[in-house]
Amino acid sequence: MKPNKIGIIGCGYVGLITGVCLADLGNQVICHDIDQEKIRILQQGSPPFYEKGLQDFLKRNQDRLTFTTSIDQVIQDSDYLFISVGSPSTKTGAADTRAFNQVIDQIQKRVTNPKVIVIKSTLPVGTAQRIKQQLKGLIDQGLIDVISNPEFLREGNSIYDFMNPDRIVIGAESNQQAKKAARLYDSFTCPILLVSNEDAELIKYASNNFLATKISFINEIANICQQVGADILQVAYGIGLDHRIGHHFLQAGLGFGGPCLNKDLQAMISFSKNQINYDPHLLEAVLKINDLQPGRLLHQIKKLLKDFKGQRFGLLGLSFKPGTSDMRNAPSLNLISALLQEGAEIIAYDPKANLEAGNILKNQIQIVDDPYLVSENTSAILIATEWPEFCKLDYQKIFNNMKEPLLIDGRNIFDKDDIEKLEQIGFQYLGVGRNISLND
Ligand code: UDX
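Residues numbered from 1 in each chain as written. Predicted model: local features only at pLDDT ≥ 70, side-chain atom pairs only at ≥ 80, totals over all residues. Heavy atoms only, no water.

**Q** Mind showing me how you'd approach the overall build of the protein here?
**A** Secondary structure summary: the protein contains 17 helices and 14 strands in total. Its C-alpha atoms give the protein a radius of gyration of 24 Å, near enough to 22 Å, the size a compact globule of 440 residues would have. When its C-alpha atoms are laid out on the principal axes, the protein stretches across 75 × 50 × 40 Å. Relative to its full complement of 440 residues, the protein shows a buried share of 52%. Put simply, 70% of the contacts in the protein that link residues at least 6 apart link residues at least 24 apart. Carbon and sulfur atoms make up 50% of the accessible area of the protein, which totals about 20200 Å². Of note, the protein has its 45 positive side-chain charges centred 4 Å away from the centre of its 50 negative side-chain charges. (Helix = DSSP H or I, 4+ residues; strand = E, 2+ residues; numbered from the N terminus. Rg over C-alpha atoms; globule rule 2.2 N^0.38 Å. Buried < 20%, exposed > 50% of the residue type's maximum accessible area, 1.4 Å probe, protein only. Contact = heavy atoms within 4.5 Å. Areas by Shrake-Rupley, 256 points an atom, 1.4 Å probe, with all protein chains shown as cover. Lys, Arg positive; Asp, Glu negative; His and termini not counted. Charge placed at Lys NZ, Arg CZ, Asp CG, Glu CD.)

**Q** Sorry if this is basic, but what is going on with the site of the ligand here?
**A** Around the ligand sit 21 residues in total, of which Glu155, Gln251, Phe320, Lys321 and Glu386 are the nearest. Gly257 has a polar backbone atom sitting 3.0 Å from an oxygen atom of the ligand. At 2.9 Å from an oxygen atom of the ligand is found a side-chain nitrogen or oxygen belonging to Lys321. Expressed as a share of its isolated accessible area of 670 Å², the protein-covered part of the ligand is 93%. Take the shell around the ligand: its biggest share by element is 4 residues, from helix 10 (residues 197–228). Partitioned by chemical class, the residues of the shell around the ligand number 10 nonpolar, 4 polar and 7 charged. (Near = heavy atom within 4 Å. Polar contact = N/O pair within 3.5 Å; in protein donor to acceptor, adjacent residues only side chain to side chain. Nonpolar A, V, L, I, M, F, W, Y, C, P; charged D, E, K, R; others polar.)

**Q** What's the story with the layout of surface pockets in this structure? I'm lost.
**A** Any space left empty among the atoms is revealed by the rolling of a water-sized probe across them. What the second largest pocket holds in volume is close to 420 Å³. Pro3, Asn4, Tyr80, Arg183 and Leu184 are, among the 20 residues lining the second largest pocket, the residues nearest its centre. A per-class count over the lining of the second largest pocket returns 7 nonpolar, 5 polar and 8 charged. (1 Å grid on protein atoms, 1.4 Å probe; cavity = no way out; pocket = protein on both sides within 12 Å on 5 of 7 lines; lining within 4 Å. Points joined across faces, edges and corners; volume = space filled by probe spheres on them.)

**Q** Please explain the sheet that holds strand 13 (residues 406–409) as it appears in this structure.
**A** Two strands in a sheet stick together by hydrogen bonds in their backbones, pointing the same way (parallel) or opposite ways (antiparallel). Across the sheet, 6 strands lie side by side as 11-10-9-12-13-14; this open sheet has parallel pairing. Each edge of the sheet is formed by a strand with only one pairing partner; in this case those strands are strand 11 (366–367) and strand 14 (428–430). Pairing of strand 9 (residues 312–316) with strand 10 (residues 345–349), which is carried by 5 bridges, proceeds in the parallel orientation. Across the sheet, the residue bridging to Leu315 is Ala348, located in strand 10. (Pairing = 2+ DSSP bridges.)

**Q** Looking at this structure, how should I read the state of the cysteines?
**A** By definition, a disulfide links the sulfur atoms of two cysteines through a covalent bond. This structure, assessed with the given rule, holds 0 disulfides. Free cysteine Cys11: the closest other cysteine sulfur is in Cys31, separated by 4.5 Å. Since its relative accessible area comes to 0%, Cys11 is described here as buried. There is no disulfide at Cys260, and the cysteine sulfur nearest it, in Cys21, is 16 Å away. (Disulfide = S-S within 2.5 Å.)

**Q** Please clarify how the pattern of salt bridges should be interpreted in this entry.
**A** Note that side chains of opposite charge can pair when their charged atoms are close. This model, assessed by the stated rule, comprises 20 salt bridges. The salt bridge involving Arg60 is made with Asp56; its shortest N-O contact spans 3.6 Å. Of this pair, Arg60 and Asp56 both sit in helix 3 (residues 54–60), 4 residues apart, which is roughly one turn of the helix. Using a relative accessible area of 42% as the deciding quantity, one classes Asp56 as partly exposed. Ionic pairing is found between Glu342 and Lys302, a salt bridge with its closest N-O pair at 2.4 Å. With Glu342 in the loop between helix 14 (331–341) and strand 10 and Lys302 in helix 13 (residues 281–305), this residue pair connects regions lying 40 residues apart in the sequence. (Salt bridge = Lys/Arg side-chain N within 4 Å of Asp/Glu carboxyl O.)

**Q** Is there a simple way to explain the packing of aromatic side chains in this structure?
**A** Two measures describe an aromatic ring pair: the distance that separates the ring centres and the angle between the ring planes. Taken as a whole, this structure holds 10 aromatic pairs when the rule is applied. On the numbers, 4.1 Å between centres and 35° between planes, the contact of Tyr13 with Phe49 is tilted. In this pair, Tyr13 sits in helix 1 (residues 13–24) while Phe49 sits in the loop between helix 2 (36–43) and helix 3, placing the two residues 36 residues apart along the sequence. Classification of Tyr13 as buried rests on a relative accessible area of 13%. With centroids separated by 6.3 Å and ring planes inclined at 70°, the aromatic side chains of Phe162 and Phe188 adopt a geometry described as edge-to-face. In this pair, Phe162 is assigned in helix 8 (residues 158–163) and Phe188 in the loop between helix 9 (175–182) and strand 8 (192–195), connecting sequence segments 26 residues apart. For the residue pair Phe162 and Phe188, the accessibility class agrees, reading buried in each case. One aromatic cluster is present, built from ring pairs that chain together Tyr395, Phe399, Phe414, Phe427 and Tyr429. The residue whose ring lies beneath Arg167 is Phe152, and the NZ or CZ to ring-centre distance is 3.6 Å. (Phe/Tyr/Trp six-rings, centres within 6.5 Å; stacked < 30°, edge-to-face > 60°. Lys NZ or Arg CZ within 6 Å of the ring centre and 35° of its normal.)

**Q** I would appreciate a short explanation of the pairing of strand 2 (residues 28–32) in the present structure.
**A** On a regular strand, one side chain projects to one face of the sheet and the next to the other, so that they alternate. With respect to burial, strand 2 is a largely interior element, 4 of its 5 residues being buried. With 5 bridges connecting them, strand 1 (residues 5–9) and strand 2 associate as parallel partners. The partner of Gly7 across the bridge, within strand 2, is Ile30. The β-α-β motif built from strand 1, the intervening helix 1 and the parallel element strand 2 has right-handed crossover chirality. Note that strand 2 and strand 3 (residues 65–68) share 4 bridges and pair parallel. By the bridge assignment for strand 3, Ile30 is matched with Thr66. (Right-handed = clockwise from strand over helix to strand, strands pointing away.)

Shape descriptors only; they carry no functional weight alone.
Set out below in structure tokens:
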């Protein structure tokens, strides 16, 4: 069978991972981006950002992958056009659809033979319907189909997630149209849902909003644990054993960051309030709890250190989560700005995000390549990202380097036994909703 000709417009995480994975499935894929530097790096066979497995996938599929900045070329050379351009938050929280709209305008001007437009970008409910109106002439001529095919990829695990999906959602006007896109996923054994465009658009938002809700829920319970002397790790484990609840996304800490959960929550709130006149009380509370979470931890730290002025903090972890160098909406940034505002000094280390963090923070903090350096002469160590390697550091060495023995575990990476060991070394431990310091 001849390979499908697939075009990817927008080589961010979603687009590039989709492109290399579709190439790995045997398709011929041409990836487009307006960023010339990114395309230059990709043409040399290198990934433009860190993602587990990406380098390998680029290499092993090099014969099936092309990279270009020419919009003409990607449109001409493809039967399927995946659109995966960004939809960042505007000032009001609404999704910014300008990049997407421009791509649709370009396609409208250039299409001469049949194309299936596959929308990967996360866009407000009704977007597919809106562009179907815009492209009505081409649709009536049989030149265009519009499919909504949301992604559920986690950064750091995105190649695995693409290749091992829980479900594939395909939204279209009719089952016949949906099946044109479903063909691309023939080799997968998971459920493939053929639904309307609106259903697909809403499945995407509701999924991310629900994940955010679980995190804010467990953070709220953690904040209560803190007050009553309970340990959130035990409580989360206890509630997660109920199979109706489950253990996933019940890790309390500094709250959710990253490019998606915040953005999609804000977009849904803005859409509900401004487009359909509905007050989304639960979603607003989820966002508020998340916004307050880093400040709550700082408040606890202040009770122990009294004043941040002149204190030196060692920060372990900068990226918004482990397995990525991505700093977008990283909770570490909230901590850093609050601490700097109160006159603290910060020295930080991240296994992957040092460069990206340096670009954002410039010289406001010191960033080092060795995790042990962050402990030198510090009043507190603060863990802001749950990198697994932070559990395996030599904490005796860290303790010996420090001025004051305060260890703040903003991601609850240590269990009760670990904490006992840390406290035997001499640390004062502060977690989120743990309230278990032997030194108290
Ligand atoms: C998310 C969705 O999981 C994914 O399906 C969607 O396609 C894109 O958005 P991602 O942003 O990569 O993926 O990260 P995710 O693993 O969901 O974590 C988001 C944030 O929540 C991170 O800051 C993480 O540290 C935090 N988190 C996650 C918690 O605080 N507690 C948890 O229990 C889980």
